[in-house]
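# Chains, contacts and geometry: an overview
Now for the letters of each chain:
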Amino acid sequence: MKVTIDNITLDVEPGTTIMQAARMIGPEVAPPAMCYYEPLQGSGGKCRACLVKVTAGSEKDPRPMPKLVPACITAVQDGMIVENTVNEAVLETRKGIVEFLLLNHPLDCPVCDQAGECHLQDFSFEHGVSTTRTVEERNTFEPVDLGENIKLNMNRCILCYRCVYTADQITDGRVHGVMNRGDHAEISTYIEKAIDNDFSGNVIDVCPVGALTDKTYRFKSRVWFSKPMDAHCSCDKCSGNVTLWYRGEEVIRVTGRKNQWGELKEFICNTCRFDRKKTSDWVIEGPTEVSRHSVISANKYGANLIHPAFPIAQAARDFKQIDDNRDRSSIEIKSILPAKK
């Protein structure tokens, strides 16, 4: 079965979604995803961030689909032609999706622990606009403790349902969900019940924004000041494969390992996540591979691997080089003269 996405044709298996096919090509073609999470069955179709244009439905029926479709839940057909980054209607629609997601979202990135790892930050940077049309007051909620280790900041929630699917699929009894309807909808627990099962901490990792945070890590460090290391241990509850986040010699956070799409490879238990915060608890495998575009990679590469900054590279590419051999002796003399009092 063949499908063409942004003028790139590839072979896929029947039942593959447009999102999965685009990810086979690479991140430069794959649509953004705020609610879709491949390890979670049934996820997707909530945020509409991955809308794409199908210009040809299939080889048998080449008519275009009349409206944009969500890539995460739309299966490909043989001969389907899809436009993502090359379609102006798609890019314009995503600006509206960003605006919608930010309707009630607070501008608290400077104090949010998710800063530097936030998918909404990346989405709004790539597809958002610098102005807003909203004049109404934002919905506000007070932070809530969902047990001993999890803090819920509902102000930041975009109702992606990832945490609900996670609790449904990897725990024995889900005690939280989406309460109310419309603009009053919110993530909450039943009668203020705590989330305390052995795998509850995974809702922190799957959250694309800073709505669900680790209370043992809150406000300890910015992510770009920490150093991620792959490690493992012998655990009878989970695989024990984790990422340790160091600040100096101290392990300040433990998370599950994620792939290039920010999705967990394996879910880990609360014992590994919250209780094992010493290097002696782990077997260190080596530094975590971090994408070069990520802010997490700051100050983690040698000088021989650092490429010129964007303005310097652009100047070298787009502007004429000037051989300036003017006499600068007067400038050099002035630079060593004492300042006037």
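Here goes a summary of the coordinates provided. (Residues numbered from 1 in each chain as written. Predicted model: local features only at pLDDT ≥ 70, side-chain atom pairs only at ≥ 80, totals over all residues. Heavy atoms only, no water.)

## Examining the overall build of the chain
Helices and strands together make up the secondary structure of the chain, namely 8 helices and 14 strands. Burial statistics for the chain: of 341 residues in total, 43% are counted as buried. With the model as given, the accessible surface of the chain reaches about 19,900 Å², and the carbon-plus-sulfur share is 53%. (Helix = DSSP H or I, 4+ residues; strand = E, 2+ residues; numbered from the N terminus. Buried < 20%, exposed > 50% of the residue type's maximum accessible area, 1.4 Å probe, protein only. Areas by Shrake-Rupley, 256 points an atom, 1.4 Å probe, with all protein chains shown as cover.)

## A few points about the sheet that holds strand 12 (residues 241-247)
Read across the open sheet, the 4 strands follow the order 13-12-11-14; overall the sheet is antiparallel. The sheet is open, and its two edges are formed by strand 13 (250-256) and strand 14 (283-287), each paired on a single side. Sheet twist, expressed as the average angle between the axes of neighbouring strands with direction ignored, equals 35°. Pairing analysis gives 4 bridges linking strand 11 (residues 227-232) to strand 14, with the strands arranged antiparallel. In the strand pairing of strand 14, H232 is matched with V283. (Pairing = 2+ DSSP bridges. Axes fitted to C-alpha atoms, helices over the stretch in contact; angles between N-to-C directions.)

## Concerning the nonpolar core
Of all hydrophobic cores here, the largest spans 28 residues; its most connected members are M34 and L212. For this core, the secondary structure elements donating two or more residues are helix 2 (88-101), helix 3 (119-127), strand 7 (150-152), helix 4 (162-170) and helix 5 (202-206). If we ignore the near neighbours within four places in the chain, the residues touching M34 are C47, A49, L101, H119, L120, F123, I158, C160, R162 and P208. (Core = buried A, V, L, I, M, F, W, Y, C linked by side-chain atoms within 4.5 Å. Contact = heavy atoms within 4.5 Å.)

## Thoughts on the sheet that holds strand 1 (residues 2-5)
The 5 strands are arranged 2-1-5-3-4 in an open sheet whose pairing can be described as mixed. Two strands in the sheet have a free side with no partner beyond their single neighbour: strand 2 (8-11) and strand 4 (69-70). Sheet analysis places strand 3 (residues 51-56) next to strand 4, joined by 2 bridges and oriented antiparallel. Opposite L51, over in strand 4, you have P70 as the bridge partner.

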